[in-house]
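Take a look at the letters that make up each chain.
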Amino acid sequence: MWDQFVINPMVNALLLLYGFLGHNFVLAIAVFTILVKLVTLPLNLKQQRSMLKTQEIQPEIQAIQKKYKDNPQKMQEKFKEIGYNPTDSLMGCLPMLIQMPVLIGLYRAIIFVLGTTPQSLFGLTQRVYPGIDLASLLPINSHFLWLNLGQTDPFYVLPVLVASTMFLQQVVMSPKKDDKKKKKEKGGKDGNPMGGMTESMKYTMPLMFGFFSLQFQAGLSVYFVMSNLIGIAQGLYVKRAMAEHKDEVARAKRNGAKIIDGEIVEPIPEPVKLPSTTAKKSGNQKKKKKKNKNKK
Amino acid sequence: MFSLKRPLRWSVLLFIIFSGILLTGCGTRGTNSNWPGLSTDGQTVYAAYGKRVAAYNVAEQKLEWQFPITASTARIYTAPSVEDGRVIFGDYGASGGMLNPKSITTIYAVENGTGSPPATMWENKTATSGKVIPPPLQVDDTVIIGTNSNFIIALDSITGKELWKVEVEEPIWGQPVHRGEVIYITSVDGNIFALDIENGDKLWQKKVEFAIAGGIAMNDELFYIADFSGSVHAFLLSSGAEEWVVQADAATWATPVYADGTVYFTDISGNIYAIDAQNGERLWQQNVEHPLQSSPLIHDGVAYIASGPESDEGEGELVAYDASSGKVMWQQSTTAPLHTTPVIADNAIVVISQAGTSYSILAFNMETGTQKWQFLLPE
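Here the structure is a predicted model, which is why all the values come from computation and not from measurement.

Trainee: Talk me through the overall build of chain B; I want residue IDs and the actual numbers.
Mentor: Of regular secondary structure, chain B possesses one helix and 34 strands. Buried positions account for 59% of the 379 residues belonging to chain B. For chain B, the proportion of contacts with a sequence separation of at least 24, taken over those separated by at least 6, is 41%. Total accessible area on chain B stands at roughly 15000 Å², and carbon and sulfur atoms take up 49% of it.

Trainee: Give me the pattern of salt bridges: which residues, what numbers.
Mentor: Evaluation of the coordinates by the stated rule reveals four salt bridges over all chains. Note that R127 of chain A is salt-bridged to D3 of chain A, the shortest N-O span being 3.0 Å. One end of the pair, R127 of chain A, is in the loop between helix 8 (118-125) and helix 9 (134-137); the other, D3 of chain A, is in helix 1 (residues 2-20), and 124 residues separate them in sequence. Take R127 of chain A: its relative accessible area is 10%, and that puts it in the buried class. By relative accessible area, which is 31% here, D3 of chain A ends up partly exposed. With a shortest N-O distance of 2.7 Å, D220 of chain B and R179 of chain B are connected by a salt bridge. On the criterion of sequence distance, the pair formed by D220 of chain B in the loop between strand 19 (217-218) and strand 20 (222-226) and R179 of chain B in strand 15 (residues 177-179) is long-range, its members being 41 residues apart. Judged by relative accessible area, D220 of chain B falls into the exposed class, the value being 69%. The class of R179 of chain B is partly exposed, set by a relative accessible area of 31%.

Trainee: Outline the environment of P68 of chain B, supporting the account with residue identities and numerical values.
Mentor: All names here are of chain B. With respect to the secondary-structure elements, P68 resides in strand 4 (residues 62-68). Separated by 14 residues in sequence, P68 and A54 place their C-alpha atoms 8.6 Å apart. Setting aside its immediate chain neighbours within four residues, P68 contacts K51, R52 and P117.

Trainee: Can you explain a negative patch on the surface? Please cite residues and give values.
Mentor: Residue and element names in this part refer to chain B. A cluster of like negative charges, contributed by E83, D84, D140, D141, E181 and E198, occupies part of the molecular surface. Mapped onto the elements of the fold, E198 is located in the loop between strand 17 (191-196) and strand 18 (202-207). Given a relative accessible area of 58%, E198 falls into the exposed group.

Trainee: If you had to explain the sheet that holds strand 3 (residues 52-57) of chain B to someone new, which residues and values would you point to?
Mentor: Residues and elements named next belong to chain B. Read from one edge of the open sheet, four strands run 1-2-3-4, paired in antiparallel fashion. A strand with exactly one partner marks an edge of an open sheet, and here the two such strands are strand 1 (37-40) and strand 4. In this sheet, adjacent strand axes meet at a mean angle of 15° when their direction is disregarded. Examined bridge by bridge, strand 2 (residues 44-48) and strand 3 share five bridges and lie antiparallel to one another. Looking across to strand 3, one finds that T44 is bridged to N57.

Trainee: Can you break down the nonpolar core residue by residue, with the values?
Mentor: By size, the foremost hydrophobic cluster in this structure holds 83 residues, and its most contacted members are L14, L15, F25 and L124 of chain A together with V45 and W253 of chain B. For this core, the element with the highest residue contribution is helix 7 (residues 94-114) of chain A, accounting for eleven residues. The residues touching L15 of chain A, leaving out its near neighbours within four places in the chain, are V113, L124, V128, I132, L134, L137 and I140 of chain A.

Trainee: Would you mind going over helix 1 of chain A in detail, with residue names and values included?
Mentor: Residue and element names in this part refer to chain A. Taking 1.5 Å per residue, 19 residues should reach 27 Å; helix 1 reaches 26 Å between its end C-alpha atoms and fits that length. Along helix 1, the sharpest kink reaches roughly 30°, centred on N8 and followed within four residues by the proline P9. For helix 1, the full list of buried residues reads V6, I7, N8, M10, V11, N12, L14, L15, L17 and Y18. Immediately downstream of helix 1, the backbone of G22 shows phi near 65°, a positive value.

Trainee: Requested: an account of the pairing of strand 34 (residues 371-376) of chain B, with residues and values cited.
Mentor: Residue and element names in this part refer to chain B. Two strands pair when backbone bridges link them, and strand 33 (residues 358-365) and strand 34 are joined in this way by five bridges, in the antiparallel orientation. Of the residues in strand 34, the one forming a bridge with F364 is Q371. Two successive antiparallel strands, strand 33 and strand 34, enclose a turn made up of five residues, where G369 displays a positive phi of approximately 85°.

Rules used in this analysis
Residues numbered from 1 in each chain as written. Chains lettered and ligands numbered in written order. Predicted model: local features only at pLDDT ≥ 70, side-chain atom pairs only at ≥ 80, totals over all residues. Heavy atoms only, no water. Helix = DSSP H or I, 4+ residues; strand = E, 2+ residues; numbered from the N terminus. Buried < 20%, exposed > 50% of the residue type's maximum accessible area, 1.4 Å probe, protein only. Contact = heavy atoms within 4.5 Å. Areas by Shrake-Rupley, 256 points an atom, 1.4 Å probe, with all protein chains shown as cover. Salt bridge = Lys/Arg side-chain N within 4 Å of Asp/Glu carboxyl O. Patch = residues over 30% accessible without salt bridge, like charges linked within 9 Å, V, L, I, M, F, W, Y side chains within 5 Å. Lys, Arg positive; Asp, Glu negative; His and termini not counted. Charge placed at Lys NZ, Arg CZ, Asp CG, Glu CD. Pairing = 2+ DSSP bridges. Axes fitted to C-alpha atoms, helices over the stretch in contact; angles between N-to-C directions. Core = buried A, V, L, I, M, F, W, Y, C linked by side-chain atoms within 4.5 Å. Expected span 1.5 Å × (residues − 1). Bend = angle between axes of the 7 residues up to and from the residue.

Rendered as structure tokens:
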């Protein structure tokens, strides 16, 4: 099952890309990474938005939790008012969980395609779909600059790149520092478990993946670097979009709009009295009046 | 007891979870493992099967010695080369340390008949950093080794001292062969090299269009290689000029075998072929159930083929064919797959089977195919 639905399609996709891209395996990994990221993009965006949003409203969440700890119904109502859904936090882990099999599958796929032992290359022959001319692709050109993609990077360049790009990605995905300071003041040092996790992930993940890259084939490290770079771009985009949304919300609040479920609801304008009673009412005004009536 | 601060707790927890997923999910199979290697000196068989090399006396049915690899991450699957009581083999490299991405490959020479583990004659840790995949070739006092880091190395087989080294473009997986003072060797990218055994000087180099995973078969006049497109080529030993090419039904993987005017080879669809060594004319063709990555063993007019499913689960099969007609003489199934070319020791066909991490040596009667005995190798 695992081989049939995860590893084999990846192996064949990598081989196809390798063939199309002039037998350049680094390019094949790069394009493959972009494709994987595109497939998981909706989930990733949702996860990042949800994470950043939850982090930003963390003080409000904690205040509501504290205030309404004996009244769960009211707590849920208040959460809704600030646009927070507790299940979103759990759903936020989903993209990460989905990506883990992709990552492990890709690891196996790269091992098979690079085939550094007869057994692994022979395994590749049994996984290739009809229509792919494997004989014309072998041996896979695993050389790129100083690297042999089937072996570890002996000069530590890739592990350093993996760790640094992953750290940058974590920084991009974390809330701004001044925001955090405010939260500390409000929530206390240990009052924000999400913040604690993000903070520890910021350092742990890069170190961990940098360490893994010391032991992994360089081809997989290339995937990590590419994936992180795309993650950085994605994170910057989401942050910008969130900042714009935040400005909009602030502007709307100043103009008297309400925020329901995190969405801006514009105030309904008062009906304008026309100087003449005989004057024809515009269609829009009619609609608005009808709406107001219904509301009442 | 001690308690951890919250961020540190998170870090430790995350580290354990991710390490667990990655290490259990990814494992190291494929990066550092291979089918077991098997060789013989006629009386004893030598098996390399991961963490150990074992010598088993077939006549006495006794484990002569086992050589455990001390480096925890190193593995050996190279069929040991045995000459004059010297057993030479190389490993797949051990990790250089937690923070060292370089691996250290060791080539070992041990002495037969010195107990278990046998006395180490020498260890060479500097000649190569790549896996030693093909069996080494001992010629007089020189041992020739092809490596996965694209080197052909000659060592003094008595001292382990490096004599010469030639760099090529791709890894070497096929066992070197020699004729007189010339070494013939293939690299995975389809190159064939003829080198002077004295100094490694390149006498000629020939390239076929497709990859070569196996080695070379030869007679006095021609040598034969099988490439990944399923073509089997015959070249003149003297110049490397191509004499003829024949096409198999699928990709050919294993080293062809020459015996009595016939070339025998297999393909990955489970076909076995016998062709005329002079002109490539097909004499017969047979088929087994499993893909074939091992070569046939030809002995006294019989071709023996060991096979098994690609994975290390399921049943294996040993079949004996009449080498001149291709007629099946007998066939035997085994409880575990057979991925390695059989050998003959003490008038028995000996194979090595693999079921997961469990390896066994099995001996069969050459005439009837009846299983004589089985020995489970120590883990």
